Structures are given as C-alpha cells and as structure tokens.
Amino acid sequence: MIIEPATAADLEHLLAFRQEAAAWLSALGSDQWSRPYPADKLLDTIEADTVFMLRDGSAIVGTITLTPDAEDGLWTDAELSEPARYVNKLTVSRAYAGRDIGGRLLNWAGTCAASEGAKWLRLDAWTANERLQRYYIDHGFTYVRTVREGGAVNGGPRVSGWVAQRPAVPAEHGFEDATVMGFTNSNH
C-alpha cells in the first residue's frame, strides 16, 4: 500500500468515502458525520496539501488529513505554543476494516509529525462517540478534555470536541510513503 497526497481528482471519492463512513456509523447508532461536509472546504484542504490517500493498487483504502493548524477553540494558548500536528477526517474503507489500517495511518502521521519537529500528534473526535474515543485511547492517545462551546465547520454546534494527544514519535506503519513529508519510499 502506498500513501500519497490527495489531488482535486480525489474530491468526489473523498465525499463518497465520508458518506460510506456516515452510513456505517449510523448503523452503529451514531449521528457522526450525518451532516454533509462542504465540498469547497474539503477542496481547500486538498489544495493546502494536507489530505493524504492510502491506495492499494487502484483501490482507495483510507484517508487522513494532517495539518499544523489546530481547529479554533479546542486547545489552550499554552498547548498551542507547543509544536504539534493535528489529525482530521481519518477514514478507512469498510472493505479494509479490521486490519488496523487506521492505527497504521496514525503511526504514519506520528512519524511525519516527529520528522517536522512536533512534540505532539493531536486530534479531536466526535463528542458522543465513546467507541471512537476508546479506539484512540487504545492507540496511545491521552484524553485532554471535552470542549462543547463553539461551532462546527459544516454548521451547527460543535460536535467534535473530545480532544486527545500522544507524543509525536516515529512508529511502524509499513506503507510505501510517496508524500513530501520526508519519507519517500520508506517503511518506517
């Protein structure tokens, strides 16, 4: 499997991928991602070179957004003064479920963050999705707090305010890395 930057040509697939994940989450009783994500905002993140695609041949296995920018209102000024990278929109195709692809993508993100001098790999998760929160705890993240104030990127109140972090360190991911993150053709 190879991880590489997303392109504008991936936009429709990313939107469909998110719908697939929302349907799966709905079947589990979660309203996570039930509101459509604005295509223009997703395209902006692609054009900012912060969205990455994991491919297995022609199949899209997963996606992750890794950015130096924190979402407004989630982290304190003291926390923002520490070098960190932020994970968003981690999604794995249901066809690849159960293989810890998400965990490996988090390891890739931690490796990239460490290579850029970050101290922390941080994320925010759906406030009401305790299963997802346990997943992140099981993958080395430490719960920091839950923020309920503020609004969501796609409108309405904040729904993704459970924040956590783990040290940014190189970790085994096993992907061929075709990104500009400093690990071209590496299998850290």
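Residue positions within a chain follow its written sequence, with the count starting from 1. Totals for whole chains, interfaces and linings use all residues, but because this is a predicted model, local features are given only for residues with pLDDT of at least 70 and pairs of side-chain atoms are given and counted only at 80 or more. The side-chain values count all of the structure's non-hydrogen atoms but skip hydrogen atoms and water molecules.

S.K.: In this structure, what is going on with the environment of Leu11? I would like to understand it.
M.R.: Numbering of helices and strands starts at the N terminus; helices are DSSP runs of H or I of at least 4 residues and strands are runs of E of at least 2. Along the polypeptide, Leu11 turns up in helix α1 (residues 11-27). For the pair Leu11 and Ile46, spaced 35 residues apart in sequence, the C-alpha to C-alpha distance is 8.1 Å. When near neighbours in sequence (up to four residues on either side) are disregarded, Leu11 contacts Ala39, Leu42, Leu43 and Ile46. Should any heavy atoms of two residues lie within 4.5 Å, those residues are counted as being in contact.

S.K.: Help me understand helix α2 (residues 39-47) in this model?
M.R.: Three or four residues apart is the spacing at which side chains of an α-helix point the same way, because the helix has 3.6 residues per turn. Those residues of α2 lying buried are Leu42, Thr45 and Ile46. One side of α2 carries all its buried residues, which in axial view fall inside an arc of 105°. Turned more than 90 degrees off the buried face of α2, the exposed positions are Asp40 and Glu47. Following α2 by one or two positions, Asp49 adopts a phi angle in the positive range, close to 60°. Accessible area is worked out with a 1.4 Å probe on protein chains only. A residue is then buried under 20% of its type maximum, exposed over 50%, and partly exposed in between. Here the arc refers to the set of directions running from the helix axis out to each C-beta atom.

S.K.: Where do I start with the sheet that holds strand β1 (residues 2-5) in this structure?
M.R.: Neighbouring strands of a sheet are bound in pairs by backbone hydrogen bonds; such pairs are parallel or else antiparallel. A strand pair is defined by DSSP finding two or more bridges across the two strands. Spatial ordering of the open sheet is given by β6-β7-β5-β4-β3-β2-β1-β8, a layout of eight strands whose pairing is mixed. The strands lining the two open edges of the sheet, one partner per strand, are β6 (142-146) and β8 (176-177). Sheet topology note: the β1/β8 ladder contains two bridges and is parallel. Counterpart to Ile2 in the pairing with β8 is Glu176.

S.K.: Sorry, what's going on with the pairing of strand β3 (residues 59-67) here?
M.R.: A regular strand places its side chains on the two faces of the sheet in alternate fashion. Along β3, eight of the nine residues are buried, which leaves the element largely enclosed by surrounding structure. The pairing of β3 with strand β4 (residues 84-92) spans five bridges and is antiparallel. Note on β4: the bridge partner recorded for Thr63 is Thr91.

S.K.: Just to check I follow, could you spell out the pattern of salt bridges for this structure?
M.R.: Close approach of charged atoms allows side chains of opposite charge to pair. Any Lys or Arg side-chain nitrogen located within 4 Å of an Asp or Glu carboxyl oxygen qualifies as a salt bridge. According to the stated counting rule, one finds six salt bridges in the structure shown. Ionic pairing is found between Arg55 and Glu4, a salt bridge with its closest N-O pair at 2.5 Å. One end of the pair, Arg55, is in strand β2 (residues 51-56); the other, Glu4, is in strand β1, and 51 residues separate them in sequence. Since its relative accessible area comes to 15%, Arg55 is described here as buried.

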